[in-house]
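Residue-level listing of the chains:
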Amino acid sequence: MPLTDLVELAARVGHGQCVAIPSDVGGVSMAATRALVRQGVRDLHLIGVPTAGLQADILIGAGCVRLIEASAVSLGEWGLAPRFTEAIRSGAIQIRDATCPAVHAGLVAGEKGVPFMAMRGLIGSDLLRSRPDWKVIDNPCADMADPIVLIPAIRPEVALIHVPLADREGNIWVGMRRELLVMAHAARTTLVTAERVSETSLLDDPCLAPAVIPSLYVTAVALAPRGAAPIGLYGEYGADEAVLADYARVARSRDGFDRWIEAWLAANACDDRRAVLAPIDG
Amino acid sequence: MAEALSSAFLAHAMSGLMAGSNTVGIGANSPIPAAAALLAQRHDPGMRVTILGSPRHNPYTNGGAELFDFAAEGRLETFVLGALQIDGDANLNLVSVGDYQAPKVRYPGSFGSGLLYYVVPRVIVFREDHSARALVERVDFISATGSSPPGVHRPGGPAWLLTGKAIFRFDRSRARFVLTSLHPGVSEEEVRANTGFVFECDVVDAVEPASAVLAPSSRVEAPRIAVTPSPARRELDWLAGPIADELSDLYPAFAVRLRAAAGDLR
């Protein structure tokens, strides 16, 4: 039975682990982010799939991150990610710059159990030079010389996601966000928070099943209504623009960030235990 | 026109650069390019436009990777990329200013440029801020190169550079940007003073000034550069009406500005 609560879910993330997180547009578990900050996890290696946003900025600001790998870290319409920007400038964290399709390619290699995936582009760039782990080979299938880049497989220890719907067997429905399927396939464990829990199996519905990550891959699920807020969740609710604009402004200073995070944790002080206690309606 | 060109003017200018494409892709956080693509589509209803993040204009069903797969296969003809620094060789920097390891300024990152700039045949580079800070002699970090040596798979690359002052075309044979039109009220001198790289200009076929007959000495005039066309009344109506409406769920604040900007131009 993978249904659990946020504290137990977050406790499965250990110091120094490699954690894959979605971009801000689809499926970020801000509820689990609070639990990780409270737990005081350290030295995480975050992978933004393929970008990262508020979640990464908060984890960086809270001192949970050693290394981030992403094709971009930003608050999107709300501007630069302030704690990320400061941490890179001060050298507090390391970065592995990427490009969106390279992150996807690495995860596809990971889910297939092969050592790398080839991709076009990148040749001649400083981006490629900054990644000694990305290798250029001569395409062995071509008649003429054809340099091409190999992206090593990405196998995160954890995929951490938020979804609209789970069931009691631990199947989860991701809707249009099919990159979450690839993340779960490539990761060794998948930790999920969900808006709702269905009392019937999601695999029984042929309309839902093609967008389901089966429980085969799912390590634990915790109920977390509005668990992506203040970011939006596709098909469910939009971003809380006032909160994001406020964060983008105040988190530019260390003190401002500390005050913001304290208030945010306090405002959600009771969210940890309600998962298994709350009555569930499908 | 005022110092800051309106969103409607730039969207119209960009829509002209998209004309004739069968497929146009717009990335995240790109309100002006999104308006441009929808305007281009008004003129050419057969054009397929995909806008990342838009519920209505994002037909991809295979997750975040599909746009890149679509482009890598050669199916995407036009895409718009922004950059923090752009140089005359069309190299793009979306990463940092100064030393990469200890940057003076750190920006979000390269996004999809590491692939899209190489495989999309018509990339429009867009930077509203036309300054020597943005348009530099040499970028500090190359997210994606403007051109590639022979033997490197490179079906795509830059075609245009649109800024708040002018339009450059990319000359593939020389691998350099060439100034091709000035926005209304902008002079060549102003563009040179605000551009960190050297460039050549496309000169409009000189029409003999009528006064030349009377005063032959006036033939020694500076070469003339075309002026970027302004939107017609019908196009402003589209931008302020249905296009602003279509973008209001994705870019609500921008839709309000677009209606106002189109109104000002009318």
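Residues numbered from 1 in each chain as written. Chains lettered and ligands numbered in written order. Predicted model: local features only at pLDDT ≥ 70, side-chain atom pairs only at ≥ 80, totals over all residues. Heavy atoms only, no water.

Some points on the interface of chain A and chain B
Line of reasoning, step 1. Contacts between the two partners involve 36 residues from chain A and, on the opposite side, 37 residues from chain B.
Line of reasoning, step 2. Buried area between chain A and chain B, summed over both chains or domains, comes out near 2,800 Å², and the portion from carbon and sulfur atoms is 60%.
Line of reasoning, step 3. For the chain A face of the interface with chain B, the top three residues by lost area are R89(A), R120(A) and D126(A), together amounting to 16%.
Line of reasoning, step 4. Summed over the shared surface of chain A and chain B, the number is one salt bridge.
Line of reasoning, step 5. Seen at the junction of chain A and chain B, the total is 16 residue pairs in polar contact (both at pLDDT 80 or more).
Line of reasoning, step 6. Going through the elements one at a time, helix 4 (82-90), strand 5 (94-97), helix 5 (100-112) and helix 6 (126-129) of chain A are the ones with two or more residues in the side of chain A that touches chain B.
Line of reasoning, step 7. Considering each element in turn, the side of chain A that touches chain B owes the most residues, four residues, to helix 4 of chain A. (Contact = heavy atoms within 4.5 Å. Buried area = accessible area lost by both parts, 1.4 Å probe. Salt bridge = Lys/Arg side-chain N within 4 Å of Asp/Glu carboxyl O. Polar contact = N/O pair within 3.5 Å; in protein donor to acceptor, adjacent residues only side chain to side chain. Helix = DSSP H or I, 4+ residues; strand = E, 2+ residues; numbered from the N terminus.)

Some words on the environment of H153(B)
Residue and element names in this part refer to chain B.
Line of reasoning, step 1. Its place among the elements puts H153 in the loop between strand 9 (135-136) and strand 10 (158-163).
Line of reasoning, step 2. Overall, H153 belongs to the partly exposed group, its relative accessible area being 33%.
Line of reasoning, step 3. A sequence separation of 25 residues divides H153 from V178, and the C-alpha atoms of the two residues are 24 Å apart. (Buried < 20%, exposed > 50% of the residue type's maximum accessible area, 1.4 Å probe, protein only.)

Some points on the pattern of salt bridges
Line of reasoning, step 1. Inspection of every chain in the model, using the stated rule, returns 25 salt bridges over all chains.
Line of reasoning, step 2. Residue R131(A) is joined to E69(A) by a salt bridge in which the shortest nitrogen-to-oxygen separation is 3.3 Å. With R131(A) in the loop between helix 6 and strand 7 (135-138) and E69(A) in strand 4 (residues 65-70), this residue pair connects regions lying 62 residues apart in the sequence.
Line of reasoning, step 3. The partner of R233(B) in a salt bridge is D237(B), with the nearest N and O atoms 3.5 Å apart. Pair noted here: R233(B) and D237(B) are both in helix 7 (residues 233-247), with a separation of four residues, about one helical turn.
Line of reasoning, step 4. With relative accessibility at 55%, the residue R233(B) sits in the exposed group.
Line of reasoning, step 5. A single salt-bridge network, built from bridges that share partners, covers E69(A), R96(A), R131(A) and D133(A).

Comments concerning unusual backbone geometry
Line of reasoning, step 1. Along the chain, V49(A) connects to P50(A) via a cis peptide bond; the corresponding omega equals -10°.
Line of reasoning, step 2. Within the fold, P50(A) resides in the loop between strand 3 (44-49) and helix 3 (54-61).
Line of reasoning, step 3. Omega for the peptide link from A229(A) to P230(A) comes to 10°, which places this bond in the cis form.
Line of reasoning, step 4. Topologically, P230(A) is positioned in the loop between strand 13 (220-223) and helix 8 (241-250).
Line of reasoning, step 5. At N29(B), a residue that is not glycine, the phi angle is positive and equals roughly 50°.
Line of reasoning, step 6. Relative to the elements of secondary structure, N29(B) occurs in the loop between strand 1 (23-26) and helix 2 (31-43).
Line of reasoning, step 7. In this structure, A175(B) takes a positive phi of about 55° despite not being glycine.

Structural notes on the sheet that holds strand 8 (residues 147-152) of chain A
All names here are of chain A.
Line of reasoning, step 1. Strand order in this open sheet of three strands is 6-8-7, and the pairing throughout is antiparallel. Strands at the two margins of the open sheet, each flanked by one partner only, are strand 6 (116-119) and strand 7. On average, adjacent strands in this sheet sit at an angle of 40° to one another, irrespective of strand direction.
Line of reasoning, step 2. Strand contacts of helix 5: strand 6 and strand 8, with the helix running at about 145° to strand 6, the strand carrying the most contacts. (Pairing = 2+ DSSP bridges. Axes fitted to C-alpha atoms, helices over the stretch in contact; angles between N-to-C directions.)

Section: the packing of aromatic side chains
Line of reasoning, step 1. Summed over the entire model, instances satisfying the criterion amount to eleven aromatic pairs over all chains.
Line of reasoning, step 2. Here Y247(A) and W260(A) contribute two aromatic rings whose centre-to-centre distance is 4.8 Å and whose plane-to-plane angle is 75°, an arrangement assigned as edge-to-face. Placement of Y247(A) in helix 8 and of W260(A) in helix 9 (residues 254-267) is noted, with a sequence separation of 13 residues between them. No difference in accessibility class separates Y247(A) from W260(A), as the two residues are buried.
Line of reasoning, step 3. Clustering of aromatic rings is evident, with ring pairs tying together F168(B), F170(B), F177(B), F197(B) and F199(B). (Phe/Tyr/Trp six-rings, centres within 6.5 Å; stacked < 30°, edge-to-face > 60°.)

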